[in-house]
Amino acid sequence: MEYKSIAIDGPSGAGKSTMAKALAARLGFLYVDTGAIYRTLGLFARNSGADPGDWRQVEPLLAGVSIRMDYAGDGLQHMYLGDEDVTEAIRRPEISDAASKISAIPEVRTFLMEMQRDMARRHHVVMDGRDIGTVVLPEADLKIFLTASTQERARRRCAELQQRGTPVDYETVLADIIERDDRDSNRAAAPLRQAEDAIPVDTSGKSLEESLRILLQVVEERFS
Ligand code: DC
């Protein structure tokens, strides 16, 4: 059976996970959050006492790490580090930073690539990340590049952190987003950029419903 794939790339806080999740639910596809995989490795590096930004400290850890993705139970993507469910733990702001740093290491990207491609070989997927349309699934059936203004992304991230019960002030979140954008876009290995054949969608000033409506229209046009 030929499986369909939709790649959604874009900077932090553009609404990728919300949109991808909603789209996957509508289409009956599996939602694969690839950032969660990098976050899990970032958590592992921190737990191991390694500096996630130093490849010399990270590379030797790769042989001993056990990262697993599981959709059993509630149908949502759970991340496991060994036997431990770290789905919630990887959302902490310090893990966002560790994931961004660790994801700039080429050996890390190669190491995690197969796990991502394997999901697309076995399921219809909506996969979100930074390099899905450019590197992980260059043959994806549809590629979307989702953006929003930096200020709006910071506001959304603040609301999300507040909802999780871990509020962080706006200025700190904004500075963090600017720093992560810079690192994710300017790294040598698979930087964040729009694939040539991706459809750009700017969600600034749009409600979730409006953004989802636009995406569903794009999907319908491509798949009909
Ligand atoms: O989407 P996110 O914020 O959960 O991702 C965390 C970090 O992981 C982000 O700063 C960049 C990195 N990442 C990546 O380099 N490639 C991906 N496909 C997904 C995430």
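(A) Examining the overall build of the protein chain more closely. Scanning the protein chain from N- to C-terminus turns up nine helices and eight strands. The globule rule puts the C-alpha radius of gyration for 224 residues at 17 Å, and the 17 Å found for the protein chain is close to it. Judged by the C-alpha coordinates and their principal axes, the protein chain covers about 50 × 45 × 35 Å. The burial tally for the protein chain puts 49% of its 224 residues in the buried class. By element, 50% of the accessible surface of the protein chain is carried by carbon and sulfur atoms, the whole surface being about 10,900 Å².

(B) Highlighting the pairing of strand E6 (residues 125-129). Burial within E6 is extensive, with five of its five residues counted as buried. Every second residue of E6 is oriented toward a common face, with Val125, Met127 and Gly129 on one face and Val126 and Asp128 on the other, all of them buried. Pairing geometry for strand E1 (residues 5-9) and E6, over five bridges, is parallel. Bridged to aspartate 9 within E6 is glycine 129. Relative to E6, strand E2 (residues 30-33) is paired through four bridges, and the arrangement is parallel. When the sheet's bridge partners are listed, tyrosine 31 is paired in E6 with valine 126.

How each quantity is defined
Residues numbered from 1 in each chain as written. Predicted model: local features only at pLDDT ≥ 70, side-chain atom pairs only at ≥ 80, totals over all residues. Heavy atoms only, no water. Helix = DSSP H or I, 4+ residues; strand = E, 2+ residues; numbered from the N terminus. Rg over C-alpha atoms; globule rule 2.2 N^0.38 Å. Buried < 20%, exposed > 50% of the residue type's maximum accessible area, 1.4 Å probe, protein only. Areas by Shrake-Rupley, 256 points an atom, 1.4 Å probe, with all protein chains shown as cover. Pairing = 2+ DSSP bridges.

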